[in-house]
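Working through the structure, step by step
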Amino acid sequence: MKKECNLRDIIKKLLEFYDFNPKPEDFLAIKAIKEGMHPFGILVSIILTQNTSDKNALRALKNLRMHIDPDLNPAPFKNIKTKNLAELIKPSGMQLIKAKTIKNVLRTLTIKELDTLLEIDPETLKEKLIAIKGVGPKTTDVFLLMARKYPTFPVDTHIRRVLARLGCINKGEEYRSIRKKVIGHLGKDPALLHKAHIILITHGRKVCTARSPKCNLCPLKQLCDYYNSQMRR
């Protein structure tokens, strides 16, 4: 991360700018945790958010809770055919891929392991989850940070865009490199990493949008490479 990119100051400014009170429906992992879903259900809720909005993922989650199990316990998922599962989660998009990922989780981990996702050694769990086809590092990091309060940092498209525009990372920089830089800058306090994750996503959704960013409203514009380059045109 560039020396002039003071990420702690950036996060502080964003926390002052926004009312930090994330709505559960805007962050499905938070919703699943607050509503006491099974650990498997928390993981499924995160899988549903892959490459889609939380609004669409929420619709898919509601279908699963209505038609399979309110708390998304793993046992009832065992006998559901992949195509039927895909139909239920269709609102989230990429439904067949996500259904296969959920099935991969069920094939890879035993019910006992799924029951103890909140108790397994986090380093061991990290290895197990990343090894499951379709889960990947971001989904794993979201689960570890949100559900286990483990010091990691999930990087989504909003966070990548915000940090790239600020000049904190290079465009197209590799996921693990970004995660390492953020943790190196913010430290390993899970609470701070959680806040940074949520507030950067919030900023990417509300102000630093992919199209027509609202730079005039941005509390970071004086620090932003993108804004300053636009002003020079």
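Before reading on, note that the structure itself is shown above.
Residues numbered from 1 in each chain as written. Predicted model: local features only at pLDDT ≥ 70, side-chain atom pairs only at ≥ 80, totals over all residues. Heavy atoms only, no water.

**Concerning the environment of Ile10**
Along the chain, Ile10 falls in helix H1 (residues 7-17). Here the alpha-carbon distance between Ile10 and Leu220, two residues 210 residues apart in the chain, equals 7.1 Å. Among residues more than four places away in sequence, those in contact with Ile10 are Cys5, Leu166, Cys168, Leu220 and Leu223. (Helix = DSSP H or I, 4+ residues; strand = E, 2+ residues; numbered from the N terminus. Contact = heavy atoms within 4.5 Å.)

**Here we look at the side chain of His197**
Summarising the element assignment, His197 is placed in helix H12 (residues 190-206). Aside from chain neighbours lying at most four places away, what touches His197 is Leu145, Met146, Phe153, Pro154 and Ile159.

**Thoughts on unusual backbone geometry**
Phi is positive for Leu72, which is not a glycine, with a value near 55 degrees. Summarising the element assignment, Leu72 is placed in the loop between helix H4 (54-67) and helix H5 (82-88). Of note in this structure, Met94 is not a glycine but carries a positive phi near 50 degrees. By secondary structure assignment, the location of Met94 is in the loop between H5 and helix H6 (95-108).

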